[in-house]
Amino acid sequence: MRSTWKLIWPPLVAVVFFLTVWQLSVSLFHIESWILPSPADIARESTSNASGLWAHTMATLRLTLIGFPIGTGVGLIVALLLHLLPWAKRAFYPLIILSQNVPSIALGPLLIIWFGFGLLPKIVLITLVCFFPVAVAAMGGLAQSDQVMMNYMKMAGASKWQIFTKLELPSSIPALFSGVKISATYAVMGAVVAEWIGADKGIGYYMLLQKSAYRTDRMFVAIVIIVLLSLVLFAIIALLEKWLVRWKPRRNS
């Protein structure tokens, strides 16, 4: 508990200090709430509209929990195929990198034209956002296996499949989890962008409504919800990593 508290209190103090300065600045300089609401205004609005926010949050969370596992699975499959087929990695890896230079907001209208206004284009968009960090992290982990152990297994007569399953795949799990944690934060933003494109509920749809009404306080409430959802998903993946990767040695501080 003492070591956990040492990790928690520095960012906690920084957040409290930032919110205090924000609140005092808005009060001292008499900034209009429609330009920059205070933290108190944002908290007040979040409690007064809790039922409506809950429905929109659940819609975004549902979309995230559908798209995130699909994107993670696609990224893992792509990484395994490109690692096992070096010629495919040389051919397709540059194309995968180039695909990430296309803004997701620009792909949305095309996906709607191709797949309609249903759930499918939103899932495709989240998948495109999520698979890249997982694929890159997994390929990096697979390529950084212990060379001494690999040479030993080759001298012992191990096949390529045995080297892959006994050495390369297990040693890549920490790197894979790093990519999954990044992908988890991207998934929430991908769901919000998908809702901007076309939806009748969700945090993205809620933000569009409040932008049109110039309700800056509600926009900040939506941002806080997005941040909290991302942090919760990140924390769940981190706990899962801590539970699964028990053999990973801890670094001395």
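Owing to the predicted nature of the structure, the values given are computational and were not obtained by experimental measurement.

Overview of the UniProt feature "transmembrane region" (unreviewed entry) in the protein
Mapped onto this numbering, the UniProt entry gives "transmembrane region" (unreviewed entry) at residues 12-31, 63-85, 92-117, 123-143, 175-199 and 219-240. Between the end C-alpha atoms of residues 92-117 the distance is 30 Å, and the span holds 77% helix and 0% strand. Between the first and last C-alpha atoms of residues 175-199 the distance is 35 Å; the span itself is 92% helix and 0% strand.

Digging into the packing of helix α3 (residues 50-84) against helix α6 (residues 119-143)
The interhelical angle for the contact between α3 and α6, taken along N-to-C directions, is 40°, at an axis separation of 6 Å. Comparing their axes, α6 and α3 come out oblique. Remark: the crossing between α3 and α6 carries right-handed chirality. Broken down by class, the residue content of the contact of α3 with α6 amounts to 21 nonpolar, six polar and two charged.

Examining the UniProt feature "domain: ABC transmembrane type-1" (unreviewed entry) in the protein
Feature annotation in UniProt assigns "domain: ABC transmembrane type-1" (unreviewed entry) to the following positions: residues 57-237. Helix makes up 87% of residues 57-237 and strand 0%. Its end C-alpha atoms lie 20 Å apart.

Some words on the pattern of salt bridges
The final tally for this structure, using the stated rule, is five salt bridges. In this structure, Asp41 engages Arg44 in a salt bridge whose closest nitrogen and oxygen atoms are separated by 2.7 Å. Here Asp41 and its partner Arg44 are both found in helix α2 (residues 39-48), three residues apart, which amounts to about one turn of the helix. Relative accessible area serves as the criterion here: at 22%, Asp41 is assigned to the partly exposed category. Between Arg215 and Glu45 there is a salt bridge whose closest N-O contact spans 3.2 Å. One end of the pair, Arg215, is in the loop between α10 (203-212) and α11 (216-244); the other, Glu45, is in helix α2, and 170 residues separate them in sequence. Exposure remark for Arg215: the relative accessible area of 27% places this residue in the partly exposed category. By relative accessible area, Glu45 is classed as buried at 10%. Among the charged side chains, a network of salt bridges with common partners joins Glu45, Arg215, Asp217 and Arg218.

Basis of the calculations
Residues numbered from 1 in each chain as written. Predicted model: local features only at pLDDT ≥ 70, side-chain atom pairs only at ≥ 80, totals over all residues. Heavy atoms only, no water. UniProt positions renumbered as here; feature names shortened; annotations may be inferred. Helix = DSSP H or I, 4+ residues; strand = E, 2+ residues; numbered from the N terminus. Axes fitted to C-alpha atoms, helices over the stretch in contact; angles between N-to-C directions. Parallel < 35°, antiparallel > 145°, perpendicular 65-115°, else oblique. Left-handed = near helix turned anticlockwise from the far one by under 90°. Nonpolar A, V, L, I, M, F, W, Y, C, P; charged D, E, K, R; others polar. Salt bridge = Lys/Arg side-chain N within 4 Å of Asp/Glu carboxyl O. Buried < 20%, exposed > 50% of the residue type's maximum accessible area, 1.4 Å probe, protein only.

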